[in-house]
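Remarks on the overall topology
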Amino acid sequence: MSADHSLGARSRRPTIGVFDSGFGGLTVLKALLELIPGADYAYFGDTARLPYGSKSVETVARYAVEAAHYLESHGAQMLVIACNTATALALDRITAAAHVPVVGVIEPGAEAAAAATKNQKIVVIGTEATVSSHAYRKALEARGLHAREKACPLLVPLVEEGWVEHSVTEQVARIYLGEAFADGFREADTLVLGCTHYPLLKPLLHRVTPGHVSIVDSAESTARAVASRLQQLVPATVDAEERRALPRLKFFATDSVEKFRRLGERFLGHPIEDVQHVDLKE
Ligand code: DGL
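Bear in mind that the values here come from a model prediction, so they are computed numbers and not experimental data.

Turning our eyes to something else, we now look at the overall build of the protein chain. Summing up its helical and strand segments, the protein chain has twelve helices and ten strands in all. Taken against the 2.2 N^0.38 rule, which gives 19 Å for 282 residues, the C-alpha radius of gyration of the protein chain at 18 Å falls within 12% of a compact globule. With the principal axes as the frame, the protein chain shows a C-alpha extent of 55 × 35 × 35 Å. Taken over 282 residues, the protein chain has a buried fraction of 57%. Counting contacts in the protein chain only where the partners sit at least 6 residues apart, residues at least 24 apart contribute 77% of the total. Taking the average location of the 30 positive side-chain charges in the protein chain and that of its 34 negative ones, the two points are 2 Å from each other.

Laid out in structure tokens, this is it:
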């Protein structure tokens, strides 16, 4: 895969803007690259202002709208809000402010949970802000499902520390999930990973959840939702050769470029080359 400063300028291939508070949304970018290699991507990680998961609706909405405008001004023809917290708190505000289609992660995640469950009982884990918004519970209840939401605030820093297979993380996850899969939700059969960082913990989470539980991560279902919206956007004139070209990737980060490269590679699963620092004025 190559990086190119003229992203979107020479090609008629669509450019998809992907936004997250930091590195975690790269798990969504990874799913997008697998499913939609015929597009170019601009990824914005608001690393200077993360975490979003402990912030207010007003603050998250303001930050997310600024990032959305930035990606649009860099040629994004569609926006993917990979951050669960930003989707939960501000999808309406981002959609109203944007001039291009916007896809969040919560509806696709709820859709995937509805497809996975057999007994209609779902546990969702996420940040404090996502859980307090009840965005997942509303999306799941709208599909006739019962949901319990559980905030797991310690998991994001543990993943960023690289402790994805650490005994401390396992102990913390065991406590959170023990509390979530209790009482009326002891027999829940589906666990939704409602935070960008949790897919990295999948093997550990499998170990600490009851054996009958399926784990749903919204990255793949979000990529499918993007693919179907994209069909309306891609000009019929894009020829086969253009579709076959490798995706061009450009990354924007509001904090250290070097740290973005280093941590980002863990989430994306391959080296990150072209990162540009962005200074968003308050
Ligand atoms: N990206 C956030 C989410 O998916 C997690 C990190 C943060 O709190 O900013 O909710």
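Okay, back to it.
If you trace the four strands from one edge of the open sheet to the other, you get β6-β5-β7-β8, paired in parallel fashion. Because the sheet does not close on itself, it has two edges, and the strands there are β6 (146-151) and β8 (214-217). Strand-to-strand twist of the sheet, defined as the mean angle between neighbouring strand axes without regard to direction, takes the value 25°. The strands touched by helix α4 (residues 106-116) are β5 (121-126), β7 (190-194) and β8; relative to β8, the strand with the most contacts, the crossing angle is about 160°. Docked against the sheet, helix α8 (residues 167-180) engages β5, β6 and β7, running at close to 150° with respect to β6.

By the criterion of burial, helix α1 (residues 26-35) is predominantly enclosed, with seven of the ten residues buried. Looking only at α1, the buried set comprises L26, T27, V28, L29, A31, L32 and L33. Where α1 is buried, its residues touch β1 (15-20), β2 (40-45), β3 (78-81), α10 (218-230), β9 (249-253) and α12 (257-268).

Conventions used here
- Residues numbered from 1 in each chain as written.
- Predicted model: local features only at pLDDT ≥ 70, side-chain atom pairs only at ≥ 80, totals over all residues.
- Heavy atoms only, no water.
- Helix = DSSP H or I, 4+ residues; strand = E, 2+ residues; numbered from the N terminus.
- Rg over C-alpha atoms; globule rule 2.2 N^0.38 Å.
- Buried < 20%, exposed > 50% of the residue type's maximum accessible area, 1.4 Å probe, protein only.
- Contact = heavy atoms within 4.5 Å.
- Lys, Arg positive; Asp, Glu negative; His and termini not counted.
- Charge placed at Lys NZ, Arg CZ, Asp CG, Glu CD.
- Pairing = 2+ DSSP bridges.
- Axes fitted to C-alpha atoms, helices over the stretch in contact; angles between N-to-C directions.

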